[in-house]
Amino acid sequence: MFITDEAFYSPLTEDPTQEYQQQALQCVKNLKTVSDSSTLVPNNPRVSKFYLLPKIHKLPQMVKNICGSDESDVQKIAEKCRETKIIPPGRPIVSSVDSLTEPMSKCVDEKLQAFLPNIKSYVKDTTDFLNKIKSAPLTSDSILVTMDVKSLYTNIPHDQGVEALRIFLQKQGTPDQEIEDLSSMVDFILKHNYFEFNEKYYLQCKGTAMGTKMAPAYANLYMAVLEEDFLSKCSLKPSLYIRYIDDIFLIWPHTEDDLASFHNAFNAHNPNIQFTIENSREKIHFLDVNVSKNGDSLSTSVYIKPTDSFSYLEYNSFHPSHTKKSIVYSQLLRYKRITSDPKVFEADAANLGELFIRRGYPPRLVHHALTQIRKKSREDLLSAEPKQGNNERIPLVTTYHPQAKRFAKTTKREWSANINLDPKLSTAMGDPPLHSQRQPPSIRKLLVRSELPKPSPPKGNKRCGKPRCQVCTYLTTDSTVKISQSLTVHPPNHTCDAQNVLYCIMCTKCPGVTYIGETSTKFRTRFNNHKSSITKNKKDFPVADHFNLPNHSVKDIKVCIFGGGYRSAEERKWAELRHIVKSRTFESGLNKDLSWLNAFTFYR
């Protein structure tokens, strides 16, 4: 497994939450530039969960390397992988929701995001990339190049990462105290990124987790310092160099041999950061864009991965109609924005529309969306849109339902009718609430978890093994116990020290003669009371009376603990009653005294 590499993940002997929580409190106590540092440490943090996301987009290349066949059909790629047992590499993810470092990581991310646009090579998204290559310097000999950092997040050494952060912030003129506070928080997050996998605890000792909020911004700034240092020392430089986190696009105006030397030098610059490279004199893809040379300029179109199965939402799914309409519209809008040649757009958009129709979307809906998109100018779509201000209306959140619109209209009507009766209340509350709908749980959300399913505990009682235990001798460890002709139980993995349980006492000489009881104390204590009554031959006790019959003794006892985890004494007693009735031990067994039932009834 990935986490067995102790260069990245160090095993822990126990859950370190309490120890790390105290260290987190001390860390935030020393912060000077964070206004509300008390919110940065949660009261009851959960342990992060580790899992892997398979990089299925790498399968075509793996099939080509191993099998020698260049496949593009998804089905054929899957068949080849099954035949040759090809398993894609995994992207390590640590689910840190509600974890110890999540609030601190969120705070760091919000502060670092403001510095990202100051990075010379920074690419925000696809639209930003398209704008930056508009006027890219290009010659007929220029080479289009993409480079990718191998496992960037997990390969940044903690000390180097924090030092790079300091260097970058100092160049931005950030106050020293703010640099100290940010560095302190980043250092804590990196060195306390612990998680649980398969019921074992680990601490990440190198790199940052793909899952913590600050990871993208932190990695971005680290790469900014590294590349600026490297490029400043290069004699031959690319005419264009831009980067989206760990994906680099550059235009190389020199020879292929010079490009190879550039690549080797970049790999040698920092042993922790290594690059893969692809290049072409004709076309290449970056993000979701196909980039190709067209004379002295670049033309673009939409890039579709070979493994893309076009699994967009089916039209008959349980989602709002406006969501389905917006999927078609937004995808066509993306094609319009990316594709530079109108003829290519028309061909690709027609193909996209056919795929939507196959997913059950009405042709009329698809054609209407395409008509609307044709009216839009690509130049307008590439221009930056001003950010809308935050909506201050109170959100009213409900789970999606087809009839929710009627509920929203009624709420708005009643709000206006009642709130406006009081001018002061109307001023304070403002506009009617903004009705929002959360997605109901899907099958995937119900079935898929970041935590591995825990194996069911073994059935059958377990002897405690203590030298002086008086119960172990009599305790049955069978996984299935027949209490009576009408009742068979599968005892849980309880020991003699279990409390708040149901138990039964059986006679090895008289099949079917059983006593069912309950206890709030340890079963060991309750059993010793039974044993004492037998030794003292208390005739008023059915158990003692039976085991003092001729040819009977304490040695004929067999006991079993078969119920537990009750929330109250009443719940436990009702469970005891149900088992007594079901097994009929009040007729043929040893539950003869039912006077305690005066507070209960068979019909609840």
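Quick caveat: nothing in here was measured; it's all calculated off a predicted structure. (Residues numbered from 1 in each chain as written. Predicted model: local features only at pLDDT ≥ 70, side-chain atom pairs only at ≥ 80, totals over all residues. Heavy atoms only, no water.)

1. Description of the sheet that holds strand β1 (residues 9-12)
Point 1. A sheet is described by the order of its strands in space; here five strands give the open sequence β1-β6-β5-β2-β3, paired in mixed fashion. At either end of the open sheet lies a strand with only one pairing partner, and these are β1 and β3 (90-95). Neighbour to neighbour, the strand axes of the sheet diverge by 40 degrees on average, direction disregarded.
Point 2. Both β1 and strand β6 (residues 200-204) contribute to a ladder of four bridges, which runs antiparallel. Note on β6: the bridge partner recorded for Pro 11 is Tyr 202. (Pairing = 2+ DSSP bridges. Helix = DSSP H or I, 4+ residues; strand = E, 2+ residues; numbered from the N terminus. Axes fitted to C-alpha atoms, helices over the stretch in contact; angles between N-to-C directions.)

2. Regarding the packing of aromatic side chains
Point 1. Here the structure, examined in full by the defined rule, presents 22 aromatic pairs.
Point 2. Ring pairs connect the aromatic residues Phe 230, Trp 252, Phe 262, Phe 266 and Phe 275, which therefore count as one cluster.
Point 3. One cation-aromatic arrangement involves Lys 324 over Tyr 315; the distance from NZ or CZ to the ring centre is 5.0 Å.
Point 4. Between the NZ or CZ atom of Lys 336 and the centre of the ring of Phe 345, over which it lies, the distance is 5.0 Å. (Phe/Tyr/Trp six-rings, centres within 6.5 Å; stacked < 30°, edge-to-face > 60°. Lys NZ or Arg CZ within 6 Å of the ring centre and 35° of its normal.)

3. A look at the sheet that holds strand β11 (residues 289-294)
Point 1. Spatial strand order, β10-β11-β12: three strands in an open sheet with antiparallel pairing. In this open sheet, the two edge strands, each paired with only one partner strand, are β10 (283-286) and β12 (297-302). Each adjacent strand pair in this sheet contributes to an overall mean axis angle of 30 degrees, direction not counted.
Point 2. Relative to β12, β11 runs antiparallel, the two being bridged by six bridges. Counterpart to Val 289 in the pairing with β12 is Val 302.

4. So, the packing of helix α6 (residues 158-171) against helix α8 (residues 215-231)
Point 1. At a minimum axis separation of 9 Å, α6 and α8 run at an interaxial angle of 75 degrees. Comparing the axis directions of α6 and α8 gives the class roughly perpendicular. In contact with His 158, Gln 160, Gly 161, Val 162, Ala 164, Leu 165, Ile 167, Phe 168 and Lys 171 of α6, α8 contributes Tyr 218, Leu 221, Tyr 222, Ala 224, Val 225 and Glu 228.
Point 2. When its residues are assigned to classes, the contact of α6 with α8 shows ten nonpolar, three polar and two charged. (Parallel < 35°, antiparallel > 145°, perpendicular 65-115°, else oblique. Contact = heavy atoms within 4.5 Å. Nonpolar A, V, L, I, M, F, W, Y, C, P; charged D, E, K, R; others polar.)

5. Comments concerning the environment of Met 104
Point 1. Structurally, the position occupied by Met 104 is in helix α4 (residues 102-113).
Point 2. A residue is classified by how much of its surface remains accessible, and Met 104, at 0% relative accessible area, is buried.
Point 3. On a C-alpha basis, the gap between Met 104 and Thr 276 in space is 33 Å, while along the polypeptide they are 172 residues apart.
Point 4. Beyond its immediate stretch of four places on either side in the chain, Met 104 contacts Val 28, Leu 40, Met 185, Phe 188 and Ile 189. (Buried < 20%, exposed > 50% of the residue type's maximum accessible area, 1.4 Å probe, protein only.)

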